[in-house]
Amino acid sequence: MDKSVSPGGYLSPGLWEHFAGGGPLGTLSDHIVVVLGTAMMPHLLLRVSAGRDAPAARRSLSVAVGLTGLFYLLLSTTGFAAAAVVGSGRIGAVDVKGQGAPLLLASEVLPHHSTGRVVLITLVACVAFLAVLTAVASVTFTAAVSVTRDLLGRNGRARIGIGEPAVLRLSVVALCAVSLLLTTAVHRYPVEFLLTFSLSLAATCVFPAVVYSFLWTGFNRDGLLWLVYGGLSLCTS
């Protein structure tokens, strides 16, 4: 608190600019989006569909949720430690959004000009890179599996005359190409906006689809399409 930009309100809600002007309702809706969006992300849902049976899927998902919760706990701890050791002023001077806080914290834990400090900074940078790479790879693989099995189907693969592994590889290449084009188009947007948008899509489109599939016997393909199109229109507007 002492090294923050607002010591008196550091532990009070309302400092994060994402909540500005939204009030309690905006804060509540943002938390719902974060919780449901994170739970519906592809790398978690993939564990459900990949299970041999219900107990295996439940066990796999429990491990994934536990690791995700541990990650967020460590993330919060790192943020508090960076504010205490480095200070909000220095963190904001490097990056206004504070995304460089873990590297700055690693550079201040050990004495300067020491080998251990260099090793720690390198380790933190590699962990950050591998985390991003793993997330991107898991989302890409999940999307490719969905394209291969849901859009093409067995009859579609039979018509084009190639097997499922080949279709899966082509889907990965196509999805990566589309992703690169989209990244080039939106590279000027803040990372927080893009992350919130992806979580909003998952919470708005995927979560209702899962609930309806489990609880509504009359839920069909047309309803799924209207749900996806409506949620996408709501998020983009």
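Because the structure is a prediction, the values reported are computed rather than measured.

Asker: Explain the packing of helix α1 (residues 23-39) against helix α8 (residues 191-215) to me, and be specific about the residues and the numbers.
Answerer: Running from amino to carboxyl end, α1 crosses α8 at an angle of 70°, the nearest separation of the two axes being 7 Å. In terms of axis orientation, α1 runs roughly perpendicular to α8. When you trace α1 past α8, the crossing you get is left-handed. Contacts between α1 and α8 involve Val 33, Val 34, Leu 36, Gly 37 and Thr 38 on the former and, on the latter, Leu 199, Ser 200, Ala 202, Ala 203 and Phe 207. Of the residues assigned to the contact of α1 with α8, the class counts are seven nonpolar, three polar and no charged.

Asker: Lay out helix α9 (residues 221-236) with the relevant residues and their values.
Answerer: The end-to-end C-alpha separation of α9 is 22 Å, in line with the 22 Å expected for 16 residues at 1.5 Å each. Every buried residue belonging to α9 is among Leu 227, Gly 231 and Cys 235, and all of these are buried. The buried residues of α9 occupy an angular sector of 50° when the element is viewed end-on, so they sit on one face. Residues of α9 that are exposed and angled more than 90 degrees away from the buried face: Arg 221, Trp 226, Tyr 229 and Thr 236. Check the buried side of α9 and you find it contacts α8. Where α9 starts, the residue carrying a side-chain oxygen 3.4 Å from the main-chain nitrogen of Asp 222 turns out to be Asn 220.

Asker: So what's going on with the nonpolar core? Residues and values would help.
Answerer: With six residues, the main nonpolar core is built from Ala 82, Val 86, Ile 91, Ala 101, Leu 104 and Leu 105. Look past the residues within four positions of Ala 101 in its chain and what remains in contact with it is Ala 82 and Ile 91.

Asker: Which residues make up a nonpolar patch on the surface, and what are the values?
Answerer: On the surface, a nonpolar cluster with roughly 470 Å² of combined accessible area is contributed by Val 63, Leu 67, Leu 70, Leu 73 and Leu 74. One can find Leu 70 in helix α3 (residues 54-85).

Asker: Break down the pattern of salt bridges for me, with residues and values.
Answerer: Per the counting criterion, the structure on display carries one salt bridge. Note that Glu 108 and Arg 90 form a salt bridge whose closest N and O atoms lie 3.0 Å from each other. In this pair, Glu 108 sits in helix α5 (residues 101-109) while Arg 90 sits in helix α4 (residues 88-94), placing the two residues 18 residues apart along the sequence. Glu 108 sits in the partly exposed class, given a relative accessible area of 22%.

Asker: If you had to explain unusual backbone geometry to someone new, which residues and values would you point to?
Answerer: One non-glycine residue with positive phi stands out, namely His 113, at about 60°. Of note, His 113 is situated in the loop between α5 and α6 (115-160).

Asker: Residues and numbers for α8, please.
Answerer: Taking 1.5 Å of rise per residue, 25 residues should cover 36 Å, and α8 covers 35 Å from first to last C-alpha, within 8% of that figure. If you look at α8, its biggest bend is around 25°, right at Val 206, and the proline Pro 208 turns up within four residues after that. Every buried residue belonging to α8 is among Leu 199, Ser 200, Ala 202, Ala 203, Cys 205, Pro 208 and Ala 209, and all of these are buried. Looking at the buried residues of α8, the elements they touch are α1 and α9.

Asker: Lay out the packing of aromatic side chains with the relevant residues and their values.
Answerer: Counting across every chain of the model gives six aromatic pairs. Ring geometry for Tyr 189 against Phe 193: centres 5.5 Å apart, planes inclined by 25°, an arrangement best described as stacked. The class for Phe 193 is partly exposed, based on a relative accessible area of 42%. Seen in terms of ring centroids, Trp 216 and Phe 219 are 5.9 Å apart; in terms of plane orientation they differ by 35°. Their pairing is tilted. A residue is classified by how much of its surface remains accessible, and Trp 216, at 48% relative accessible area, is partly exposed. For Phe 219, a relative accessible area of 17% gives the class buried.

Each value, and the rule that gives it
- Residues numbered from 1 in each chain as written.
- Predicted model: local features only at pLDDT ≥ 70, side-chain atom pairs only at ≥ 80, totals over all residues.
- Heavy atoms only, no water.
- Axes fitted to C-alpha atoms, helices over the stretch in contact; angles between N-to-C directions.
- Helix = DSSP H or I, 4+ residues; strand = E, 2+ residues; numbered from the N terminus.
- Parallel < 35°, antiparallel > 145°, perpendicular 65-115°, else oblique.
- Left-handed = near helix turned anticlockwise from the far one by under 90°.
- Contact = heavy atoms within 4.5 Å.
- Nonpolar A, V, L, I, M, F, W, Y, C, P; charged D, E, K, R; others polar.
- Expected span 1.5 Å × (residues − 1).
- Buried < 20%, exposed > 50% of the residue type's maximum accessible area, 1.4 Å probe, protein only.
- Arc of directions from axis to C-beta.
- Polar contact = N/O pair within 3.5 Å; in protein donor to acceptor, adjacent residues only side chain to side chain.
- Core = buried A, V, L, I, M, F, W, Y, C linked by side-chain atoms within 4.5 Å.
- Patch = residues over 30% accessible without salt bridge, like charges linked within 9 Å, V, L, I, M, F, W, Y side chains within 5 Å.
- Areas by Shrake-Rupley, 256 points an atom, 1.4 Å probe, with all protein chains shown as cover.
- Salt bridge = Lys/Arg side-chain N within 4 Å of Asp/Glu carboxyl O.
- Bend = angle between axes of the 7 residues up to and from the residue.
- Phe/Tyr/Trp six-rings, centres within 6.5 Å; stacked < 30°, edge-to-face > 60°.

Worth remembering: the numbers are spatial, not functional.
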